[in-house]
Each structure stands twice: as C-alpha cells, then as structure tokens.
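Structure at a glance
So the chains spell out like this:
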Amino acid sequence: MNLAINLLGVTKVYPGVTALDNIDLQVRKGSVHGFIGPNGAGKSTTMKIIAGLIPATSGLVEVDGKEVSKNAAFVSTKIGLLPEQPPLYNGMKVGDYLKFCQEINWNPAEAQIDPAELLESILTRCKLQDVKNRLIGNLSKGFKQRVAMAQALVYGADIIILDEPTVGLDPNAIADVRLLIEELKKEHTILLSSHQLHEVAKICDEITIIDQGKILRTGPLLTIQSEFSAFKTYEAILSNLGGELKKELFAKDYIQGMDILEHPDGVFLRIRIQGDQDYRSSLTELLASKGNLLEFKERKMELEEAFREIVRG
Ligand SMILES: Nc1ncnc2c1ncn2[C@@H]1O[C@H](COP(=O)(O)OP(=O)(O)OP(=O)(O)O)[C@@H](O)[C@H]1O
Ligand SMILES: [Mg+2]
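Quick caveat: nothing in here was measured; it's all calculated off a predicted structure. (Residues numbered from 1 in each chain as written. Chains lettered and ligands numbered in written order. Predicted model: local features only at pLDDT ≥ 70, side-chain atom pairs only at ≥ 80, totals over all residues. Heavy atoms only, no water.)

Observations regarding the sheet that holds strand β3 (residues 32–36)
Let me state the cut-off plainly: A pair of strands is labelled paired if DSSP reports no fewer than 2 bridges between them. Under the DSSP-based scheme used, a helix requires at least four consecutive residues in state H or I and a strand at least two consecutive residues in state E, with every element numbered from the N terminus. Axis definition: a line fit to C-alpha positions, over the contact stretch in the case of helices; interaxial angles, taken between N-to-C directions, run 0 to 180 degrees.
Judged by pairing direction, the sheet is mixed, and its six strands sit side by side in the order β6-β7-β8-β3-β9-β10 without closing on themselves. Edge positions in the sheet fall to β6 (79–82) and β10 (214–220), since each of these pairs with one other strand and no more. Strand-to-strand twist of the sheet, defined as the mean angle between neighbouring strand axes without regard to direction, takes the value 15 degrees. With four bridges joining them, β3 and strand β8 (residues 189–193) adopt parallel strand pairing. Residue V32 lies in a different strand from β8, and its bridge partner there is I190.

This is the structure we're talking about:
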C-alpha cells in the first residue's frame, strides 16, 4: 500500500501517563483521514509525533517511507501541521509571519511553484488578503485560526495534519474550512482530528477511532458505519401512546431500546432494533392500529452514534 503515514506499535509515555499504548495507524497517500476520539484520547500526541515535534517512547513512525526520528529536515518540509495550540507571533504582521514560516520549511529541491505565488494563493484561499498587513496579536480568534491554517500550507507540504481546524470558528468559517479541505484533497494527503463528527463524515474517506491511547477502529468510513447498521433505528410520531401499546412494544424481543419523548403532535418514539431484519411493516401496522400513527421512518446510524457505540465498548 502507498502510505503517507505509517505508525507501527507506537507507545508514548509522559511522566505518569501512557498517552499512546502500542498503536498502529496507516494513512494512505491521497486520502482524507479523520482521527476521532474523546478528550484525552491521544490524538494531538499522535499528530505531534508524526510531525516530529515530540518523540515516541517506542515504535516505528514513518512519513512517506522515511523514519521520522532520523529525517527531521525531510519531515518538516513534507508535513504541514496545524497544531492544537498554534505558535503565532503576535508582534508580527500576517504576511511577514507566513513568509517566515515558508522560508524556514521551504525545500527548493522539491518545490514546483514560486514561493511568492504560493504565498499569495494561500492568503487568498484562507481569506487573509484583507488582513495581511495587520499584526497577528490584534486579530480575532477566528482570523488567528486562519493564519494558523495558512502557516501549515504555505510551504507546499504534501501531507497536511490539522488538529481540530474548526475549533472556535463561526458557522461560515467552518464551511470555508470544509471547502478549503475539499480543494486541498486534490493534491494532498490530509489527517484531520475533529470533534465535529458530521463534518468528518462529510469530508473524510477513512477514519480512525482512538480512545485512551488505543485504536478502536480504523478503515474506510463506510465500512465502519455499516458495521453498525445492525443497530437500526426507527422513528415514529403518534398522536397518543396508550399503556397497552407500550406494553406490547416492550414485549417485542427485537426491540433493544426505546425513547419516548413529547412532541407537539403527541408522542415521539425512537425505537432501537437489534438485528438486520426489516420490521417496518409489522411495526407500522401495530402502531397504526393501536396508536394513530402520524409519521414513521427508518434512520441509518450516523457516524456520531457509531462513534458512541464504539467508544462505549
Ligand atoms: N506534555 C504532556 N505531559 C503529560 N501528559 C500529557 C502531555 N500532553 C498530553 N498529555 C496526556 O496525554 C493524554 C493524551 O492527550 P492528547 O492531548 O494527545 O489527547 P487528545 O486526544 O488530543 O484530546 P483533546 O480532544 O482533548 O484534544 C492525556 O491524558 C493528556 O493529559
Ligand atoms: Mg487534542
């Protein structure tokens, strides 16, 4: 397989904390790979190790087939990292700062574009043209985030690592980041961590789920989602839900769980089904005959729910 990033048996121990416990992570060249997991799972630690900012305690870490610990200069030009806490220089102007970031990581041997041209295009793509002569320290949080994004892109790295790129952004800016990633995806490999799982589901083709320093799942998004299609959910709106119907529903052994919520038209029912059989017709019949059924639909499990199932164990 053609791998941009390859981690095998990687462990990271901070004093008193095992942040990563023997993890494997493979990111295919040209893929957009979502890296998700609860707070403290080890996402940022993994990303920093890949970018060569901190060493792994043990294990193999390769970027484009080269071991990170032995190829620091190569890795720094190959990888563009948007870290969780970007080191922005508040006293510098946006344009000057980005030029500085470009100069320290520029690899003339690999570059196929003029640096000034690339800088201009990144300023435009990140919507920073209007603020390029302003001091970073005076920018709003959202604009600082854009500058941090731009510094990861400005030296033309092949592999872009984005640690929660949309954190603190307004909805329009989040949409801009998504468009930017769609653009970048044509020419780059992207590893992206985010807690916005619906965004991850829209952008990524592969995902890895990490929890407490261990990889729980990794693979194509669709495979991971379909693994959980065994947990189907039906949603129904009834004008009323009497005791007899409720009892009958609870007695069905294929019904794994049920939420009963208030609804302006009566009652909203969320029914979780175990198994992959289709119970729509028998359920609608029952609900219609005993509860005045107003609406019924099947809902596929979203990444959000699959994630909760997996992380809960
Ligand atoms: N420099 C450090 N020293 C000691 N422990 C650390 C350090 N950095 C991270 N940790 C610990 O390592 C674990 C993993 O942290 P990490 O920041 O990688 O998680 P994360 O998945 O990025 O979480 P979040 O979603 O909150 O950003 C946590 O238990 C954290 O407290
Ligand atoms: Mg983090």
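Digging into the domain arrangement of the chain
Rules: The source of the domain bounds is an automatic or database domain assignment. Contacts are residue-level and defined by heavy atoms, with any inter-residue pair within 4.5 Å sufficient. Two parts placed together each lose some accessible area under a 1.4 Å probe, and adding up what both lose gives the buried area. Under this grouping Gly is polar, as are all residues other than the nonpolar Ala, Val, Leu, Ile, Met, Phe, Trp, Tyr, Cys and Pro and the charged Asp, Glu, Lys and Arg.
For the chain, the domain assignment lists domain 1 (3–226) and domain 2 (228–312). When each unit is reduced to the centre of its C-alpha atoms, the spacing between domain 1 and domain 2 is 40 Å. Between domain 1 and domain 2, the residue contacts involve 16 residues of the former and ten residues of the latter. Carbon and sulfur atoms supply 70% of the area buried between domain 1 and domain 2, which totals about 1100 Å² over both sides. Those elements giving two or more residues to the side of domain 1 that touches domain 2 turn out to be α7 (197–203), β9 (206–211), β10 and α8 (221–227). For the side of domain 1 that touches domain 2, the per-class residue count stands at ten nonpolar, four polar and two charged.

Notes on the packing of aromatic side chains
Test applied: Only Phe, Tyr and Trp rings are paired, with Trp represented by its six-membered ring, and only when their centres lie within 6.5 Å; those with planes under 30 degrees apart are stacked, over 60 edge-to-face, the remainder tilted. With a 1.4 Å probe rolled over the protein chains alone, any residue whose accessible area is under 20% of its type maximum counts as buried; one over 50% counts as exposed, and the rest are partly exposed. Charges are assigned to positions over rings by a cutoff of 6 Å between ring centre and Lys NZ or Arg CZ, combined with an angular limit of 35 degrees from the ring normal.
The full count for this structure, using the stated rule, is four aromatic pairs. Measuring from ring centre to ring centre gives 6.1 Å for Y89 and F100, while their planes differ by 70 degrees; the resulting arrangement is edge-to-face. Taken as a pair, Y89 in the loop between β6 and α3 (94–105) and F100 in helix α3 lie far apart in primary sequence, eleven residues in all. Judged by its relative accessible area of 44%, Y89 is partly exposed. A residue is classified by how much of its surface remains accessible, and F100, at 31% relative accessible area, is partly exposed. Seen from their ring centres, Y254 and Y279 are 3.6 Å apart, and the 5 degrees between their planes marks the pair as stacked. One end of the pair, Y254, is in the loop between α9 (243–251) and β12 (255–263); the other, Y279, is in the loop between β13 (266–274) and α10 (280–291), and 25 residues separate them in sequence. In this pair, the class of Y254 matches that of Y279, namely buried. Aromatic ring contacts, followed pair by pair, group Y89, Y97 and F100 into a single cluster. One Lys or Arg, K66, reaches over the ring of F74 and ends 4.3 Å from the middle of that ring. Of note, R146 hangs over the ring of F143, and the distance from its end group to the ring centre comes to 4.6 Å.

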